Every structure is written in C-alpha cells, then in structure tokens.
Amino acid sequence: MAPECFVTGKASKESDVYSFGVVALEIACGRKPIDHTAQEDKILLVKWVWELYGMGTLLDAVDPHLGSSFEEEEIKCLMTVGLWCCHPNPVRRPSIKQVIQILNFEASLPTLPTKMPMALSRASYMTKKHHRAVKFDAVSVEHLEAYS
C-alpha cells in the first residue's frame, strides 16, 4: 500500500502507480513485497531492491528461477520503473503514460536517488491534481521537498 494511503485513507492515481511498481518488482524478483522469512535487510522488497539499485547491483534481486533466460536491459528497465513507481513521495512518481513509454523503450530510464527517500507519515503531501499542500500536522512543504 502506498505510504500516503496510511495518512489519507484514500486511493488515488498515484497510489495505483505505487501498486503497479510493487507488482513489477514482484514479477522481476519472484517474491512477495514482505517476506518475514528473508534476512533482515531483505524483508521489505522495495527497500531491498532500492539498496541494490544504489549500490549498482540491481540484478542481484532478479528471480533466481529465471536463471539467465532474460534480457538484462529489459529486467533492469522493469525494476527501475518499479522503483520509480514506488517512490515514497507521490508527486515524484511517474504517470502511467510515462511508465508505458519507458517499458516500450520510447523514453529513457529515470535516474533515481541512490538511497530510498524516506516515507513521510502524517506529513504534507503535494497533490498533482490540485498543486497545493495538504497539511496533516506542522510539517511544511519545505520539509517534504528535503526528503524527496
């Protein structure tokens, strides 16, 4: 579930994009988003894959059952798009149109932060639709931008 859904209790286009990203990572990695049987640093799929992305070892997360029967460029594309869709800040997520263009190799991959940005709970979120801040407590937009 997208981090902002815990705050707002509402689904949106951005939270749907987040869900798509999680599914993309599940497909590429061959595992569930939360695996309590995994090593501590691998329990949360998005966090683990983002750490590998930051270290330049993204392919280490590829489903071992795939063996070598995949195109490296395609799986990197799927995983990078999956991470972008899972950005904790909904304003930083791509549109579905952007996702399709990248997956069809009609646009270039984004460069993501090497460290996964922090998810903000009970914070201000900028909405793409209204271009305004929605305040949930005293955190300002400046604080939000500092974490994105």
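The structure reproduced in this document is the subject of the present report. Bear in mind the structure is a predicted one, so any value in this text is a computation, not a measurement. (Residues numbered from 1 in each chain as written. Predicted model: local features only at pLDDT ≥ 70, side-chain atom pairs only at ≥ 80, totals over all residues. Heavy atoms only, no water.)

### Focus: the overall build of the protein chain
To keep things clear, this is the line we draw: Numbering of helices and strands starts at the N terminus; helices are DSSP runs of H or I of at least 4 residues and strands are runs of E of at least 2. The rule is simple: take the accessible area with a 1.4 Å probe, protein chains only, and divide by the maximum for that residue type; under 20% is buried, over 50% is exposed, in between is partly exposed. In this description, contact between two residues means that some pair of their heavy atoms is separated by no more than 4.5 Å.
Counting its secondary structure elements, the protein chain contains 6 helices and 2 strands. Taken from the N to the C terminus, the helices and strands of the protein chain come in the order α-α-α-α-α-β-β-α. The buried share of the protein chain, reckoned over its 148 residues, is 36%. Partitioning the contacts of the protein chain with sequence separation of at least 6, the portion at a separation of at least 24 is 56%.

### Let's talk about a nonpolar patch on the surface
Rules: Any residue with relative accessible area above 30% and no salt bridge may belong to a patch, with like charges joined within 9 Å and the nonpolar Val, Leu, Ile, Met, Phe, Trp and Tyr side chains within 5 Å. Each accessible area is a Shrake-Rupley result for a 1.4 Å probe, and residues are judged covered by the shown protein chains and nothing else. Salt bridges are identified by distance alone: a Lys or Arg side-chain nitrogen within 4 Å of an Asp or Glu carboxyl oxygen.
On the surface, Phe20, Ile96 and Ile100 cluster together into a nonpolar patch covering about 250 Å² of accessible area. In this fold, Ile96 is placed in helix α5 (residues 96–103).

### Digging into the packing of helix α3 (residues 45–55) against helix α4 (residues 72–85)
What counts here: To get an axis, a line is fitted to the C-alpha atoms, and for a helix only the part in contact is used. The angle between two axes follows their N-to-C directions and goes from 0 to 180 degrees. Each angle gets one of four labels, with under 35 degrees taken as roughly parallel, over 145 as roughly antiparallel, 65 to 115 as roughly perpendicular, and the rest as oblique. Each crossing is labelled by how the near helix is turned from the far one, with a counterclockwise turn of less than a right angle marking it left-handed and a clockwise turn marking it right-handed.
Viewed as axis vectors pointing N to C, α3 and α4 meet at an angle of 120 degrees, and their least axial separation amounts to 10 Å. Relative to α4, α3 is oriented oblique. Classified by chirality, the crossing of α4 by α3 is left-handed. For the pair α3 and α4, contact is made by Val46, Val49, Trp50 and Tyr53 and by Met79, Thr80 and Leu83, respectively.

### Side note on the pattern of salt bridges
A side chain with one charge may pair with a side chain of the opposite charge, provided their charged atoms come close. Considering all chains together, one arrives at 2 salt bridges under this definition. Note that Lys76 and Glu72 form a salt bridge whose closest N and O atoms lie 3.6 Å from each other. Remark: Glu72 and Lys76 occur in helix α4; sequence separation between them is 4 residues, near one turn of the helix.

### Re the nonpolar core
This is how it is decided: As used here, the term nonpolar core means buried Ala, Val, Leu, Ile, Met, Phe, Trp, Tyr and Cys residues forming a set that is joined through side-chain atoms within 4.5 Å.
Counting 31 residues, the largest nonpolar core has Leu25, Cys29, Val46, Val49, Ala61, Met79 and Leu83 as its most contacted members. Secondary-structure elements contributing two or more residues to this core are α2 (13–29), α3, α4 and α5. Top contributing element to this core by residue count: α4, with 8 residues. Discounting residues that sit within four places of it in the chain, Leu25 has contacts with Gly30, Leu45, Val46, Val49, Met79, Gly82, Leu83 and Cys86.

### Quick look at α3
Within the span of α3, buried status applies to Leu45, Val46, Trp48, Val49, Trp50, Leu52 and Tyr53. Buried residues belonging to α3 abut α2 and α4. Remark: Gly56 follows α3 within two positions and exhibits a positive phi of approximately 80 degrees.

### A few points about the environment of Lys32
By the secondary structure assignment, Lys32 is in the loop between α2 and α3. Along the chain, Lys32 and Leu45 lie 13 residues apart, while their C-alpha atoms are 7.2 Å from each other. With residues up to four places along the chain from it excluded, the contact list for Lys32 reads Glu26 and Leu45.

### Observations concerning α2
Rules: Take the number of residues in a helix, subtract one, and multiply by 1.5 Å to get its expected span.
Across its 17 residues, α2 extends 24 Å between first and last C-alpha, which sits within 8% of the 24 Å expected from 1.5 Å per residue. Within α2 the residues assigned to the buried category are Glu14, Ser15, Val17, Tyr18, Gly21, Val22, Ala24, Leu25, Ala28 and Cys29. In this structure, the buried side of α2 is in contact with α1 (3–8), α3, α4 and α5. Backbone geometry just after α2 places Gly30 at a positive phi near 70 degrees.

### A closer look at the state of the cysteines
Where we set the bar: Cysteine sulfur atoms are paired as a disulfide whenever they come within 2.5 Å of each other.
According to the stated counting rule, one finds 0 disulfides in the structure shown. A disulfide-free cysteine, Cys85 has its sulfur positioned 6.6 Å from the sulfur of Cys86, the nearest such atom. A relative accessible area of 0% means that Cys85 is categorised as buried.

In short, shape yes, function no, at least from these values alone.
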